[in-house]
Amino acid sequence: MLQVAIKYFFIAFILSLIIVLINTFSATGEIYGFWHGVKILFWLTAGPGTGMLIGGFVRQWLMPDAIYTREGAVGIFKAKLFWSIGPQSIGWLIGVLAVSERLY
């Protein structure tokens, strides 16, 4: 369980680092200084990481054992793609929305 938590927080950290670096070097004016960038990096790691962790637990709890579709291989591909990244992506988005007040 600890390895899963570390994986989700590492992914959230990498995504937030990319967001902070793009906003720092593209002169958008959204990041005012070093400590403001660190604050955004912290909140964009903590909130979405927690959301992804909860999404991963929801995925393990709700994922079906078998998938039946009428669309053939395309339907199975879409279902497998959703169940591999869908709940974690939804959790990431909910985590970003939860900490969006702190990003100013």
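The structure contained in this document is the topic of the report that follows.

### Description of the overall build of the protein
Link 1 in the chain: Across its full length, the protein carries three helices and zero strands.
Link 2 in the chain: Written out in order from the N terminus, the α and β elements of the protein read α-α-α.
Link 3 in the chain: Dimensions of the protein along its principal axes, counting C-alpha atoms only, are 55 × 30 × 20 Å.
Link 4 in the chain: Here the protein has roughly 7500 Å² of accessible surface; of this, 72% comes from carbon and sulfur atoms.
Link 5 in the chain: Charge centroids of the protein, computed over 7 positive and 4 negative side chains, lie 6 Å from each other.

### Section: the packing of helix α1 (residues 2-25) against helix α2 (residues 34-62)
Link 1 in the chain: With their axes 8 Å apart at the nearest point, α1 and α2 run at an angle of 140° to one another. Comparing the axis directions of α1 and α2 gives the class oblique. Helix-helix and strand crossings are classified by hand; for α1 and α2 the assignment is right-handed. In contact with Val-4, Ala-5, Tyr-8, Phe-9, Ile-11, Ala-12, Phe-13, Ser-16, Leu-17, Ile-19 and Val-20 of α1, α2 contributes Gly-37, Ile-40, Leu-41, Leu-44, Thr-45, Ala-46, Pro-48, Gly-49, Thr-50, Met-52, Leu-53 and Gly-56.
Link 2 in the chain: Class assignment of the residues belonging to the contact of α1 with α2 gives a composition of 17 nonpolar, six polar and no charged.

Thresholds, definitions, all that
- Residues numbered from 1 in each chain as written.
- Predicted model: local features only at pLDDT ≥ 70, side-chain atom pairs only at ≥ 80, totals over all residues.
- Heavy atoms only, no water.
- Helix = DSSP H or I, 4+ residues; strand = E, 2+ residues; numbered from the N terminus.
- Areas by Shrake-Rupley, 256 points an atom, 1.4 Å probe, with all protein chains shown as cover.
- Lys, Arg positive; Asp, Glu negative; His and termini not counted.
- Charge placed at Lys NZ, Arg CZ, Asp CG, Glu CD.
- Axes fitted to C-alpha atoms, helices over the stretch in contact; angles between N-to-C directions.
- Parallel < 35°, antiparallel > 145°, perpendicular 65-115°, else oblique.
- Left-handed = near helix turned anticlockwise from the far one by under 90°.
- Contact = heavy atoms within 4.5 Å.
- Nonpolar A, V, L, I, M, F, W, Y, C, P; charged D, E, K, R; others polar.

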